[in-house]
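# Analysis of the macromolecular model
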Amino acid sequence: MASSGEDMHSEDDAGTSAATVAGGIHLLDFSDEILLHILSHVPSTDLVLSVQRTCRKLAALSLDKSLIHTVLLQKDYQASEDKVKQLVKAIGREIQQLNMAGCYWLSGATVEHVACCRNLVKVNFSGCHLTSLRLSKVLSALQHLRSLAIDVSPGFDAGQLSSECKATLSRVQELRQTLFTPSYGVVPCCTSLQKLLLYFEILDRTREGAILSGQLMVGQSNVPHYQNLRVFYARLAPGYINQEVVRLYLAVLSDRTPENLHAFLISVPGSFAESGATKNLLDSMARNACLDALQLPKSWLNGSALLQHMRFNNPFYFSFSRCSLSGGHLIQRVINGGRDLRSLASLNLSGCVHCLSPDTLFRKAEDEIDSSILETLVGACCNLRHLNLSAAHHHSAEGLGRHLCQLLARLRHLRSLALPVCAVADSAPRADRAPAPPAMHAVPRGFGKKVRIGVPSGPSPFAGQPVPQPASVFWSLLRSVPFLERLELIGSNFSSAMPRNEPAIRNSLPPCSRAQSVGDAEVAAIGQLAFLRHLTLAQLPSILTGSGLVSIGLQCQQLQSLSLANLGMMGKVVYMSALSDMLKHCRRLKDLRLEQPYFSANAQFFQALSQCSCLQRLCLVSRSGTLQPDAVVAFMGRCLHVVVCHMFTGESLATCKSLQQSLLRSFQAERPALNVVIFPLLHEGLTDVIRDVPLVHLDEVTLFKSRVAEEPPNLWW
């Protein structure tokens, strides 16, 4: 029997052999600092359970405090029940921060092992299965805990929390709580709260059709402790009951505004009427609070002088999404006539149709913006990193240096940007102006001719072609912000066919006329962004071939998520050949969302998609679209990292159910996080199916939305 020393010696030899790289340089010859940086990109489960066993040096480095004090299991889809238990057993007492957000595939019994991590200061259980009793057991052991994120699901009972658990909660300073049932959750137990984040995901009806009431559970305290609160954030999913419950949380705030409140943010879809309590709250905030982050429901701001009385101290985040805020009010009440707002890092003006226009509420979609308003905004907020101007018609007038893109080019620190498609058009279309020439590497095929994807047909028409460098304002803008990581170009009238908690939308509004000037050449210009990680393109009617997508695939090598919706003519999918060529180069792509009517998800498409070796999540939304079941199964067999497969097409319910069951039967055992939903898009039961999708996937992939400046930067983890 070999000794342990001999075993380690043989492991050292194996590690030495495996670590030798080109040129005779050995991995272990690098300094510890470089090796630690490399190891910081290795998932915690692999680091502790695999890398540690390779050789003595890596064994020691793998247990360095810089690597194991913070453990991220979020989106570690290979973290099985056994791996998590072994991880906690090996380094549990060293872990100080643990992120298990979205680990829906782990059982409550496995999550309960976190009680062994007795030195935890921060833990995120959002999306994990934890009953009241299990939560009580875990928290009772975590005496050093100061930051907690949990879900409050139906059946939660605060009366089951032990005195030791409540003692831990009394010391918690940061709480993130996602509510799936009307409840105060653990808020009444958290007497030291400084940051409170609330996500309301309560459905108006049960599965049986019974209407839920916003009346909170009997026996719970209705006096949350807000006296030390610095940050209050609430995000509501659609539904009346979510509004009813959040009012109960706000009622306490209206009695006495915390003296140290610095951030007050409420994100509500649709209308949310003011009440007497909310008016008292806003008046109290105007008198007593000095804010650095603000977001309010649109009905609370529209037509009111509230902003004029609010006090701000080095603000870093503003969101006026969907508000009827005119450009004059924006300058006078927010920017205070052009005052220094260099501290502002993130600004959300999505859906603010009047925000770049003078003080008139009678603006028509085709009216042009007042460039002086945007110029004042850019000058005052020169350090903006995140800007959202989507869901509005921002049309620029003719004139040198006055175009929206030319003014935004001054924001050199931008990292994420959302714009309406019509805003990047050079100028208004005129009858006497010749149409824009096609992109330099357009596909030389008939416009309506069918193309077989994945079948070679001679040299690629895209190979070796230079990226077009048109003298367009959009191209110049992108050249000025080379470090952009997220870009969204979304048609002003675009609405996804798949909204939240409602039946699928059957009809859509036509695109803005100015969007007709934005086509393949403008898309190709995006290829300049070498650091681009997230790209959304929606409702670009003048895409003829999709040739610009190839430029993006070739040059944007950091691209991790791609969302394409309604490109080109609605009756045909004209960009399939280009998409096929693009996917060859997307080696780091993890998330792909495609929304396109009449999309044919056939063998050729999945063969091209199989080349995205890092792909993890796929969502396809296609009214009247089709799919080829055997091609889907073959694709899942080739792409071993795919754990989310959502397809909503025009196929029959029987076809969808059969394919879904086949995928689960074939791959569930080896992919613990596998989530498959195949369902007819226009079926009346779609809403019930959607409610079972894990929130992390529903929010990030399945549903379409603009994500730029959606929340303040670094809001939680």
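None of the values given here were measured: they were computed from a predicted structure.

What follows covers the overall build of the protein chain. Summing up its helical and strand segments, the protein chain has 25 helices and 22 strands in all. Of all 717 residues assigned to the protein chain, the portion counted as buried reaches 52%. By sequence separation, contacts in the protein chain at least 24 residues apart represent 77% of the contacts at least 6 residues apart. Of the roughly 30,100 Å² that the protein chain leaves accessible, carbon and sulfur atoms contribute 51%.

Orientation of helix H22 (residues 629-638) relative to helix H23 (residues 653-667), taken along the N-to-C sense of each, is 20°, at an axis distance of 10 Å. Between H22 and H23, the angle falls in the class roughly parallel. Read as a crossing pair, H22 and H23 show a hand that is right-handed. The segment H22 lies against H23, with Pro 629, Val 632, Val 633, Met 636 and Gly 637 engaging Thr 655, Leu 659, Ser 662, Leu 663 and Phe 667. Here the residues of the contact of H22 with H23 are counted per class, giving 7 nonpolar, 3 polar and no charged.

On to the packing of aromatic side chains, then. Where two aromatic rings form a pair, the distance of their centres and the angle of their planes describe that pair. Evaluated as defined, the whole model comprises 15 aromatic pairs. For the pair Tyr 226 and Phe 232, a centre-to-centre distance of 6.3 Å together with 75° between the ring planes defines the contact as edge-to-face. Summarising the burial analysis for this pair, Tyr 226 and Phe 232 share the class buried. Feature note: the residues Phe 599, Phe 605, Phe 606 and Phe 635 constitute an aromatic cluster, connected by ring pairs. Above the face of the Trp 716 ring, Lys 122 is positioned so that its terminal group lies 5.5 Å from the ring centre. Arg 176 extends its terminal NZ or CZ atom over the ring of Tyr 199, reaching a point 4.1 Å from the ring centre.

Right, let's get into the pairing of strand E10 (residues 311-319). Consecutive side chains along a regular strand alternate between the two faces of the sheet. The pairing of strand E9 (residues 290-295) with E10 spans 5 bridges and is classified as parallel. Within E10, the position partnered with Leu 294 by the bridge is Phe 318. Alignment of E10 against strand E11 (residues 346-348), held across 3 bridges, turns out to be parallel. Considered in E11, the bridge of Tyr 317 is made with Ser 346.

Among the nonpolar cores identified, the biggest contains 195 residues, and Phe 232, Phe 264 and Leu 408 are the most heavily contacted of them. Looking at this core element by element, the count peaks at 7 residues for helix H10 (residues 240-255). Excluding anything up to four places from it in sequence, Phe 232 contacts Leu 196, Leu 198, Tyr 226, Leu 250, Leu 253, Leu 261, Ala 263, Phe 264, Leu 265 and Ile 266. Core analysis: the next-biggest nonpolar cluster, separate from the first, contains 15 residues, Val 621, Leu 686, Ile 690 and Val 693 among them.

Moving on: the side chain of Thr 536. Among the secondary structure elements, Thr 536 is positioned in strand E15 (residues 534-540). What Thr 536 contacts, discounting residues up to four positions off in sequence, is Leu 487, Glu 488, Leu 489, Ile 490, Ser 563 and Phe 704.

Let us look at the environment of Pro 269. If you trace the backbone, Pro 269 turns up in the loop between strand E8 (263-267) and helix H11 (276-288). Put simply, Pro 269 and Lys 298 are 29 residues apart on the chain and 9.2 Å apart in space, counted from C-alpha to C-alpha. Those residues in contact with Pro 269 that lie beyond four places of it in its chain are Leu 236, Ala 237, Pro 238 and Gln 243.

This next bit is on the pairing of strand E16 (residues 561-567). Within E16, 7 of the 7 residues are buried, which leaves the element mostly enclosed by the surrounding structure. Bridge analysis of E15 against E16 gives 6 bridges, and the strand direction is parallel. In the strand pairing of E16, Leu 535 is matched with Leu 562. Viewed along the sheet, the connection from E15 through helix H19 (residues 547-555) into E16 turns out right-handed. Bridging between E16 and strand E17 (residues 591-595) involves 5 bridges; their strand directions are parallel. Opposite Leu 564, over in E17, you have Leu 594 as the bridge partner. For the segment spanning E16, helix H20 (residues 576-583) and E17, crossover handedness is right-handed.

Another point: unusual backbone geometry. You will see that Asn 314, though not glycine, has its phi angle at about 50°, which is positive. The residue Asn 314 is located in strand E10 in this model. If you check the backbone angles, Asn 566 has positive phi at about 50° while not being a glycine. Along the chain, Asn 566 falls in strand E16.

Turning our attention to the packing of H19 against H20. Their axes nearest at 8 Å, the elements H19 and H20 cross at an angle of 5°. Considering the angle they form, H19 stands roughly parallel to H20. Taken together, the residues of H20 that come into contact with H19 (itself represented by Ser 547, Leu 549, Val 550, Ile 552 and Gly 553) are Ala 578, Asp 581 and Met 582.

With that settled, consider a nonpolar patch on the surface. Taken together, the side chains of Ile 25, Phe 30, Ile 34 and Ile 38 define a hydrophobic patch exposed on the protein surface, amounting to about 330 Å² of accessible area. Position of Phe 30 relative to the elements: it lies in the loop between helix H1 (4-19) and helix H2 (32-39). What makes Phe 30 partly exposed here is its relative accessible area of 33%.

Thresholds applied
Within every chain, residues take consecutive numbers counted from 1 along the sequence as written. Totals for whole chains, interfaces and linings use every residue, but because this is a predicted model, local features are given only for residues with pLDDT of at least 70 and side-chain atom pairs only at 80 or more, for both listing and counting. Side-chain numbers here rest on the full set of heavy atoms in the structure, without hydrogens or water. Numbering of helices and strands starts at the N terminus; helices are DSSP runs of H or I of at least 4 residues and strands are runs of E of at least 2. Using a 1.4 Å probe on the protein chains alone, a residue whose accessible area is under 20% of its type maximum counts as buried, one over 50% counts as exposed, and one in between counts as partly exposed. By definition in these notes, contact holds between two residues if any of their heavy atoms fall within 4.5 Å. Residue burial considers only the protein chains on display, and all accessible areas are found by Shrake-Rupley using a 1.4 Å probe. Axes here mean lines fitted to C-alpha atoms, for a helix over just the part in contact, with angles spanning 0 to 180 degrees between N-to-C directions. Roughly parallel refers to an angle under 35 degrees, roughly antiparallel to one over 145, roughly perpendicular to one between 65 and 115, and oblique to any angle outside these ranges. Crossing chirality is assigned from the near helix's rotation relative to the far helix, an anticlockwise turn below a right angle marking it left-handed and a clockwise turn marking it right-handed. Here the term charged refers only to Asp, Glu, Lys and Arg, the term nonpolar to Ala, Val, Leu, Ile, Met, Phe, Trp, Tyr, Cys and Pro, and the term polar to all other amino acids, Gly among them. Each aromatic pair joins two rings of Phe, Tyr and Trp (for Trp, the six-membered one) with centres within 6.5 Å, and gets the label stacked for planes under 30 degrees apart, edge-to-face for over 60, and tilted for any other angle. Two limits define a charge over a ring: the Lys NZ or Arg CZ must be within 6 Å of the ring centre, and within 35 degrees of the ring normal. Here, strands pair whenever DSSP counts at least two bridges between them. Residues belong to one nonpolar core when they are buried, are Ala, Val, Leu, Ile, Met, Phe, Trp, Tyr or Cys, and are joined through side-chain atoms within 4.5 Å. Think of it like this: strands point away, you trace from the first strand over the helix to the second, and a clockwise trace means the crossover is right-handed. For patches, a residue must show more than 30% relative accessible area and have no salt bridge; joins then use 9 Å for like charges and 5 Å for nonpolar side chains, namely Val, Leu, Ile, Met, Phe, Trp and Tyr. Any Lys or Arg side-chain nitrogen found within 4 Å of a carboxyl oxygen on Asp or Glu counts as a salt bridge.

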